[in-house]
Amino acid sequence: MYKVDIQADTKDAAAIEARRNREKQRQSRIFNARYCKMGVDVEGLKRQVEERNLRNEAEKQRDEAFDAYRVQYDKIAQMLEEEECQRRKQLNQAMVEFWERKQQPSMRREWDIHDPDAARKDFPARVSDDDPRCGPSSMQRFAGEDLNFLAKNKLQKELNKLTLGHQRSQREKELNDQKYADILDDKKRIELDLRALELTRLEEECRKAKAMAVADFNRAQAAEIAEQHRLAHQREQDDNFTEIHNHLTSNILMENPDLAQSTLGSHRVITSSWKGMTRAQLEAVLKTQAEQCKENQRLREEERQRDAEWDRQRHLADRAAMEMDAQEQTFRQQLRKDLDGYNLELAEAQKANLQYLEKEVYTNTPTAHYYLQFNTSSR
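Residues numbered from 1 in each chain as written. Predicted model: local features only at pLDDT ≥ 70, side-chain atom pairs only at ≥ 80, totals over all residues. Heavy atoms only, no water.

Chemist: Give me the lowdown on the overall build of the chain, citing residues and values where you can.
Modeler: Helices and strands together make up the secondary structure of the chain, namely nine helices and zero strands. For the chain, the sequential pattern of α-helices and β-strands runs α-α-α-α-α-α-α-α-α. When the 379 residues of the chain are sorted by exposure, 4% land in the buried category. Residue pairs in contact within the chain that sit at least 24 positions apart in sequence constitute 42% of those at least 6 positions apart. Of the roughly 35200 Å² that the chain leaves accessible, carbon and sulfur atoms contribute 55%. (Helix = DSSP H or I, 4+ residues; strand = E, 2+ residues; numbered from the N terminus. Buried < 20%, exposed > 50% of the residue type's maximum accessible area, 1.4 Å probe, protein only. Contact = heavy atoms within 4.5 Å. Areas by Shrake-Rupley, 256 points an atom, 1.4 Å probe, with all protein chains shown as cover.)

Next comes the structure, spelled out in structure tokens:
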């Protein structure tokens, strides 16, 4: 036989060579540092955009043509399917009518076999073990027949019942353990909430006590100011009444011969006409001085009581604030201790996880050859 040289397809070879040339040109552009720094190929990008637009437009026209053909074929298929459904419906209807007229079940030769009421019409094959019809050839009673089937079945049911009971008790025990653990967690959470509520309540009581003390002090001060206003008003009324009385009992109206009183003030007299103070004037002066002494003493006593009450309220507020600060500090220390323990547990768990990742998971460390395979192609 002669050897025949089969030449390769020139078209495929040309396509492969063109693809290789494009890949070399692309690599020369991508791996050229100067070209990359200068910028991108704008003309090439524009040409690619135009080619992509043309390709998209051609694909769009092709899709539209396919859609039109698809709609037309769907309509034809619907028409054919509808005709097929009509023919099938007519054929089934004719077949049913033929069955109803010519092929009744009772007309069949094997009706005695397929009669649904045959079992109710016939006697059972075996009524009991002493049935006289059960002879040697009746095939209804055999040697070695398991007559204790009911007892074995009952025993098997009891064993299954005991097994299910054991499994149910085990499941209930597990549920009870889980429920007890959840109850312990809930109690711990409730205890923390109660501590927070107790601190909030103590702070609120301290704030209320301070507010009540300030309110009592303000009420006492308001009552004292009201009393001072009342006394000032009473003194003003007394002065007014005294002035009216003096006007009514003046020398002009009463024609008092005592003209020694000077018009420049009550403490001045006309020396040429003054005969000395009367007993009533002396008693009035002494009485006024005694009243002034009592009033000053009462004011000093009230001021002393007010200062003492204010000191007592401030002392109570300071003591309540100190107690609240001590309780808050204790709670913060306990909370910090709990947080430290929890953080320690988290740190141990994270450390164990890191050790597991380093020793069990991340065991395949990449070599230098793994990193040399990157940035070797233009794609």
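Chemist: Residue-level account of the packing of aromatic side chains, with values.
Modeler: This model, assessed by the stated rule, comprises two aromatic pairs. Ring centres of Tyr-69 and Tyr-73 lie 6.2 Å apart, and the angle between their planes is 20°; this geometry places the pair in the stacked category. Placement of both Tyr-69 and Tyr-73 in helix α3 (residues 42-102) is noted, with a separation of four residues, approximately one turn of the helix. (Phe/Tyr/Trp six-rings, centres within 6.5 Å; stacked < 30°, edge-to-face > 60°.)

Chemist: Before we move on, can you summarise a positive patch on the surface with the specific residues and values?
Modeler: Together, Arg-19, Arg-20, Arg-22 and Lys-24 give the surface a local cluster of positive charge. Looking at the element boundaries, Arg-22 is found in helix α1 (residues 10-30). (Patch = residues over 30% accessible without salt bridge, like charges linked within 9 Å, V, L, I, M, F, W, Y side chains within 5 Å. Salt bridge = Lys/Arg side-chain N within 4 Å of Asp/Glu carboxyl O. Lys, Arg positive; Asp, Glu negative; His and termini not counted. Charge placed at Lys NZ, Arg CZ, Asp CG, Glu CD.)

Chemist: How would you sum up a nonpolar patch on the surface? Please name residues and give values.
Modeler: On the surface, a cluster of nonpolar side chains totalling about 550 Å² of accessible area is made up of Phe-66, Tyr-69, Tyr-73, Ile-76 and Leu-80. With respect to the helices and strands, Leu-80 occurs in helix α3.

Chemist: Please set out a negative patch on the surface residue by residue, giving values where relevant.
Modeler: Side chains of Glu-57, Glu-59, Asp-63 and Glu-64 sit close together on the surface and give a patch of like negative charge. Mapped onto the fold, Glu-64 is located in helix α3. Given the relative accessible area of 45%, Glu-64 is considered partly exposed.

Chemist: Kindly report on the side chain of Glu-224, identifying the contributing residues and their values.
Modeler: Relative to the helices and strands, Glu-224 resides in helix α6 (residues 149-248). If near-sequence neighbours (up to four positions away) are discounted, Glu-224 is found in contact with Glu-302 and Arg-306.

Chemist: So what's going on with the confidence of the model for the chain? Which residues, and what values?
Modeler: Confidence along the chain averages 81 in pLDDT terms, with 82% of residues attaining 70 or more. Put simply, helix α7 (residues 251-254) is where the chain has its lowest mean pLDDT, 52, and α3 is where it has its highest, 89. When the criterion is pLDDT under 50, residues 1-6 qualifies, and its contacts beyond four places in sequence or with other chains add up to zero contacts. (pLDDT = per-residue confidence, 0-100.)

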